Amino acid sequence: MMQQTSMDAYQSIKGKLNHNEQIVFDQLQVSGGCTNEKLSNLLGWSINRITGRTKSLVDKGLVKEMYREPSPSSNKMCIVWGVIHG
């Protein structure tokens, strides 16, 4: 069940995001945090399509870097993005 604060936050941004930003934002809400690579795999989108959306969500103050972890495919450190609540 979704918390009331999460529902309020969702309503406050509804209509402020374009379609693809909303899809990425919603996936981050459901997943609780993802790298761009994981978002790409979950949504079936190219990595280039994901990185632009995460950047715009960061620029809008809706998403932030939570921590870094090694990528399973390259072993490079990757940012895990998370939704900023409240």
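Reference entry: report on the structure contained in this document. Everything numeric here is computed off the predicted structure, so don't read it as measured data. Per-chain numbering applies: the sequence of each chain, read as written, is numbered from 1 onward. pLDDT decides what is reported in this predicted model: residues at 70 or higher carry local features, side-chain atom pairs at 80 or more are listed and counted, and totals for whole chains, interfaces and linings draw on all residues regardless. Derived side-chain values reflect all non-hydrogen atoms in the structure, with water molecules and hydrogen atoms excluded from consideration.

Let's talk about the pattern of salt bridges
Between side chains of opposite charge, pairing is possible as soon as their charged atoms come close.
Here's step 1: Throughout this description, the term salt bridge denotes a Lys or Arg side-chain nitrogen within 4 Å of a carboxyl oxygen of Asp or Glu. On inspection of all chains with the given rule, the structure shows three salt bridges.
Here's step 2: One salt bridge in this structure joins Glu21 and Lys60, with 2.9 Å as the shortest N-O distance. Note that Glu21 is positioned in helix α2 (residues 19–31) and Lys60 in the loop between α4 (47–59) and β1 (63–70), a separation of 39 residues in sequence.
Here's step 3: Per-residue accessibility, obtained with a 1.4 Å probe over protein chains only, is compared with the maximum for each type, and a residue is labelled buried under 20%, exposed over 50%, and partly exposed between these values. Look at Lys60 and you get partly exposed, because its relative accessible area is 43%.
Here's step 4: Here Arg68 makes a salt bridge to Glu65, at a shortest N to O gap of 2.9 Å.
Here's step 5: Residue Arg68 is classed as partly exposed on the basis of its relative accessible area, which comes to 45%.
Here's step 6: On the accessibility criterion, Glu65 (38% relative accessible area) is partly exposed. Starting at the N terminus, helices and strands are each numbered in turn, a helix being any DSSP run of H or I of at least four residues and a strand any DSSP run of E of at least two.

Remarks on the environment of Glu69
Here's step 1: With respect to the secondary-structure elements, Glu69 resides in strand β1.
Here's step 2: In the structure, Glu69 is positioned 34 residues away from Thr35 in sequence and 8.5 Å away in space, judged by C-alpha atoms.
Here's step 3: Here Glu69 is in contact with Thr35, Lys76, Met77, Cys78 and Val80, once residues within four sequence places are set aside. Contact definition: two residues touch when any of their heavy atoms are within 4.5 Å.

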